[in-house]
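Listed here are the chains, written in short residue letters.
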Amino acid sequence: MSRMLSIARAVIADCVRRRVPYVVVLFAGILAAAIPSLPDYGVGVEPEVFREVALALMYVAALVLSLALAANRLPSEFERRTAYSVLSKQVSRWEYLLGTWLGLSAVVAASVAAFTIVVQAVALISYGDFMWVLWVGTLSIALEMGVIVAVAVAVSTVSGPVVVVVASALILFVGHSRSTLVGGAGATDLSLFYPSLDSFNIMLPVAYGGGVSALMVLSMVMVFVGLSGIALLLGVVLLGKRDL
Amino acid sequence: MEQANSAIRVDGARKVYKTVGRSPGRAAVDGVSLEVEQGSIHGLLGPNGAGKTTTLKMLIGLVKPTEGTFKILGEDSTSPKGRRFLGFLPEQPYFPQHITAMQALRFYGQLAGVEKQDIDGRAVELLGKVGLDGTERTELSKFSRGMLQRLGIAQAIIGRPAVVVLDEPASGLDPVGQRDIRNLMLELRESGTTVLLSSHQLSEVEAVCDRVSILNAGKVAAEGHIDELLNISGQTSIRVRGLDELPAAVNALAGDVAVSGSVWVFSVEDSAVRSVVDAVDDAGGAVMSLAPKRESLEDYFARLIASARTGVAS
Ligand SMILES: Nc1ncnc2c1ncn2[C@@H]1O[C@H](COP(=O)(O)OP(=O)(O)OP(=O)(O)O)[C@@H](O)[C@H]1O
Ligand SMILES: [Mg+2]
């Protein structure tokens, strides 16, 4: 356990040294530049549009960051053989994999939190409102990225960054297409077992005030635990089998 | 618990690498067994591609063995728990670029189970020991090949392991560095640590190893003390200086004559040594050294390969 945390800490420190915090600064810059063009407070529906745009921007930024960090993390560790000095100690491969996932997910989550603070600041300036409801969006994006990072890390135990990005994009696509791909309930209703990411669809309740319930949050957390668990388990099995 | 005094024990190690799209190739390691006594230094010698690295990686659990059992101090070393007494230097070690030497050793120290309050002191001590004093705050991207090698040795022994496995420890090191690592290995043995190292250089192992296993084409070709394996009995190698040519009396007895400037190296029967030395003296030359004639590793390998071809068991 402590070894897993050491590995996670090393991953976080490495991300910080790779200037990941600049991504947050860049994000803040984009939003700040947009302030003058934001509609004035009090003209009806505009704060909703602002929230929608902000959440979409956060989502894309978080996704790009997740894939940029996770896709090449393990492949480069294996290719440059930096993993040898870690795995030759009393460290199991699962500790190494989980530590890596934990570190990367923490970096992404911290970045999304920082984005949210930036968005809140802009909201306060433009609309005089902290828009605390945005944090539900933050949680949802952070959890969904946790799943994506788990998928990316798992696939990257046996393949290079290109395959990882394609596989992750595929999972995202499939995960958000339950209704189109499976359709309505029928005699063979397997939709219960569909690896759906729909629980993370929070645009309506958060941006348009559709109401945020505890059940919604709970279902997000459960989907996060279930899907990242499955992905990580697959990663552990794949990594356990391969030669380094 | 049996064989309590063998620190490392490899039995019937075999590895066939999977090659994508092709039928399984020949075994990279084929039935290798090793036994290293506690507190000794054991060399794994062999030409490029002999299977040294593959054998060590299977021992450490980095490569999945096709067959074989691997034990360190009686425990399965392919499982994490069985590696708790182990320190390993990979071949041509490499580390994350953007951290300092100190940060790297702190990280490896934590993984090796060094107590938190001891880590910094231990890291500084080790940097000094491997000749990297004053580089605590240097980023590893600024390290030379030899400096990375030294850091690799430091991370291998940071947890004071009872067994140390070094894959080509001298590679990339200058002569001073090679001497340092030799002394370090002797120091480790002094403190009761067991060392297994691989090399393709005879000079690297002959000065320190208690025993060697010679690996060729994935098999152990010979095992024993290096003198037993390589000394050519009954022959002495002589090096002399200050002669433009060898006296006729010497010339008649000398074999394998090599000359560079006024320095001559040749070998004679042990029984002729006294008369040859006298003859060199009379001719105005000076004897620089007398040593048992030893086969070069290259010759030894060449002979092994030839005997393998003709199917003669050695
Ligand atoms: N990952 C791999 N995949 C396929 N074949 C491999 C792999 N690693 C090594 N081999 C093959 O296994 C054989 C033994 O290689 P190994 O690296 O163990 O040799 P070595 O004795 O360490 O050589 P060197 O002195 O060059 O380090 C070689 O024929 C090599 O081509
Ligand atoms: Mg090698």
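That block above? That's the structure.
What you see is a predicted model; the values in this text were computed from it and never measured.

## Digging into the overall build of chain A
Phase 1 of the analysis: Along its length, chain A carries 11 helices and 0 strands.
Phase 2 of the analysis: Sequence-ordered secondary structure for chain A, helices as α and strands as β, is α-α-α-α-α-α-α-α-α-α-α.
Phase 3 of the analysis: Taken over C-alpha atoms, the radius of gyration comes to 19 Å for chain A, in line with the 18 Å a tight globule of 244 residues would show.
Phase 4 of the analysis: Taken along the three principal axes of its C-alpha coordinates, chain A extends 60 × 55 × 30 Å.
Phase 5 of the analysis: When the accessible surface of chain A is totalled, it reaches about 11300 Å², and 73% of it is carbon and sulfur.
Phase 6 of the analysis: One way to put it: in chain A the 14 positive side-chain charges average out to a point 19 Å from where the 13 negative ones average out.

## A closer look at helix α6 (residues 93-127) of chain A
Phase 1 of the analysis: When the terminal C-alpha atoms of α6 of chain A are compared, their 50 Å separation across 35 residues agrees well with the 51 Å that a helix rising 1.5 Å per residue should span.
Phase 2 of the analysis: Downstream of α6 of chain A by one or two residues, G128 of chain A has phi in the positive range, about 65°.

## Remarks on the environment of Q235 of chain B
All names here are of chain B.
Phase 1 of the analysis: Structurally, the position occupied by Q235 is in strand β11 (residues 231-241).
Phase 2 of the analysis: With a relative accessible area of 21%, Q235 lands in the partly exposed category.
Phase 3 of the analysis: Expressed as a C-alpha distance, the spacing of Q235 and V32, which sit 203 residues apart in the sequence, is 32 Å.
Phase 4 of the analysis: Ignoring sequence-local partners within four residues, the contact set of Q235 consists of S267, V268, E269, D270, P292 and K293.

## Observations concerning the pairing of strand β7 (residues 163-167) of chain B
All names here are of chain B.
Phase 1 of the analysis: Taken across its 5 residues, β7 has 5 buried, putting it largely inside the fold.
Phase 2 of the analysis: A two-sided burial pattern is seen for β7, the buried positions comprising V163, V165 and D167 on one face and V164 and L166 on the other.
Phase 3 of the analysis: Bridging between strand β6 (residues 86-89) and β7 involves 4 bridges; their strand directions are parallel. Looking at the pairing, L89 lines up with L166 of β7.
Phase 4 of the analysis: Two elements, β7 and strand β8 (residues 194-199), share 5 bridges in a ladder whose sense is parallel. Within β8, the residue paired with L166 across the bridge is L197.

## A word on the pattern of salt bridges
It is possible for side chains of opposite charge to pair when their charged atoms get near one another.
Residues and elements named next belong to chain A.
Phase 1 of the analysis: For the structure shown, the criterion picks out 22 salt bridges over all chains.
Phase 2 of the analysis: Taking the shortest distance from any N to any O, the salt bridge between R73 and E77 comes out at 3.8 Å. With R73 and E77 both in helix α4 (residues 73-79) and 4 residues apart, this pair spans about one turn of that helix.
Phase 3 of the analysis: With relative accessibility at 12%, the residue E77 sits in the buried group.

## Here's the deal with the coordination of the magnesium ion (ligand 2)
Perfect tetrahedral coordination of a metal by four donors corresponds to 109.5 degrees between them, and perfect octahedral coordination by six donors corresponds to 90 or 180 degrees.
All names here are of chain B.
Phase 1 of the analysis: Note on the magnesium ion (ligand 2): its protein donors are T53 (OG1) and E91 (OE). The metal-donor distances range over 1.9 to 2.5 Å. Of this pair, T53 sits in helix α1 (residues 52-60) while E91 sits in the loop between β6 and α2 (101-111), and the two are 38 residues apart along the sequence.
Phase 2 of the analysis: Taking the relative accessible area as the measure of exposure, E91 reaches 29% and is therefore partly exposed.

## Overview of the site of ligand 1
All names here are of chain B.
Phase 1 of the analysis: For ligand 1, the set of nearby residues contains 14 residues, the closest of which are G49, K52, T53, T54 and E91.
Phase 2 of the analysis: Between ligand 1 and T53 there is a distance of 2.6 Å, counted from an oxygen atom to a side-chain nitrogen or oxygen.
Phase 3 of the analysis: When the free accessible area of ligand 1 is taken as 630 Å², the share hidden by the protein chains comes to 63%.
Phase 4 of the analysis: Counted by class, the shell around ligand 1 contains 4 nonpolar, 6 polar and 4 charged residues.

## Details of the interface of chain A and chain B
Phase 1 of the analysis: Taken together, the 24 residues of chain A in the interface contact 30 residues of chain B.
Phase 2 of the analysis: Between chain A and chain B, a total of about 2500 Å² is buried, with carbon and sulfur atoms accounting for 55% of that surface.
Phase 3 of the analysis: A salt bridge links K15 of chain B to D243 of chain A; the nearest nitrogen and oxygen atoms lie 2.8 Å apart.
Phase 4 of the analysis: In this structure, the connection of chain A to chain B is made through 16 residue pairs in polar contact (both at pLDDT 80 or more).
Phase 5 of the analysis: Secondary structure elements with two or more residues in the side of chain A that touches chain B: α1 (2-17), α5 (84-87) and α11 (214-241) of chain A.
Phase 6 of the analysis: When residues in the side of chain A that touches chain B are grouped by element, the largest group, 6 residues, is from α1 of chain A.
Phase 7 of the analysis: In terms of residue class, the side of chain A that touches chain B is built from 7 nonpolar, 7 polar and 10 charged.

## Quick word on the sheet that holds strand β4 (residues 67-72) of chain B
All names here are of chain B.
Phase 1 of the analysis: On the basis of which strands lie adjacent, the open sheet formed by 4 strands has the order β2-β1-β4-β5 and antiparallel pairing. Each end of this open sheet is capped by a strand with a single partner; those strands are β2 (29-37) and β5 (75-76).
Phase 2 of the analysis: With 5 bridges connecting them, strand β1 (residues 6-15) and β4 associate as antiparallel partners. Bridge pairing in β4 links R9 to K71.
Phase 3 of the analysis: In this fold α1 packs onto β1, β2 and β4, with an angle of close to 115° to the strand it touches most, β1.

## Points about the packing of aromatic side chains
Phase 1 of the analysis: Evaluated as defined, the whole model comprises 7 aromatic pairs over all chains.
Phase 2 of the analysis: When the ring of W101 of chain A is compared with that of F224 of chain A, the centres are 6.2 Å apart and the planes differ by 25°; the resulting orientation is stacked. Here F224 of chain A lies in helix α11 and W101 of chain A lies in helix α6, a separation of 123 residues in the sequence. Here W101 of chain A matches F224 of chain A in class, with each residue buried.
Phase 3 of the analysis: Cluster of aromatic residues (ring-pair linked, three or more members): F95, F107 and Y108 of chain B.

## Structural notes on the sheet that holds strand β12 (residues 255-260) of chain B
All names here are of chain B.
Phase 1 of the analysis: Here we have 4 strands laid out as an open sheet, ordered β12-β13-β11-β14, and antiparallel in their pairing. Where the open sheet ends on each side, the last strands, each with one partner, are β12 and β14 (286-294). Averaged over all pairs of adjacent strands, the angle between their axes in this sheet comes to 20°, without regard to strand direction.
Phase 2 of the analysis: As paired strands, β11 and strand β13 (residues 263-269) are joined by 6 bridges and run antiparallel to one another. Paired with S237 across the bridge in β13 is S267.
Phase 3 of the analysis: The sheet contacts of helix α9 (residues 273-282) involve β11, β13 and β14, and relative to β14 the element is tilted by about 155°.

What counts and how
Residues numbered from 1 in each chain as written. Chains lettered and ligands numbered in written order. Predicted model: local features only at pLDDT ≥ 70, side-chain atom pairs only at ≥ 80, totals over all residues. Heavy atoms only, no water. Helix = DSSP H or I, 4+ residues; strand = E, 2+ residues; numbered from the N terminus. Rg over C-alpha atoms; globule rule 2.2 N^0.38 Å. Areas by Shrake-Rupley, 256 points an atom, 1.4 Å probe, with all protein chains shown as cover. Lys, Arg positive; Asp, Glu negative; His and termini not counted. Charge placed at Lys NZ, Arg CZ, Asp CG, Glu CD. Expected span 1.5 Å × (residues − 1). Buried < 20%, exposed > 50% of the residue type's maximum accessible area, 1.4 Å probe, protein only. Contact = heavy atoms within 4.5 Å. Pairing = 2+ DSSP bridges. Salt bridge = Lys/Arg side-chain N within 4 Å of Asp/Glu carboxyl O. Donors = N, O, S within 2.8 Å, 3.2 Å for Na, K, Ca; no water. Near = heavy atom within 4 Å. Polar contact = N/O pair within 3.5 Å; in protein donor to acceptor, adjacent residues only side chain to side chain. Nonpolar A, V, L, I, M, F, W, Y, C, P; charged D, E, K, R; others polar. Buried area = accessible area lost by both parts, 1.4 Å probe. Axes fitted to C-alpha atoms, helices over the stretch in contact; angles between N-to-C directions. Phe/Tyr/Trp six-rings, centres within 6.5 Å; stacked < 30°, edge-to-face > 60°.

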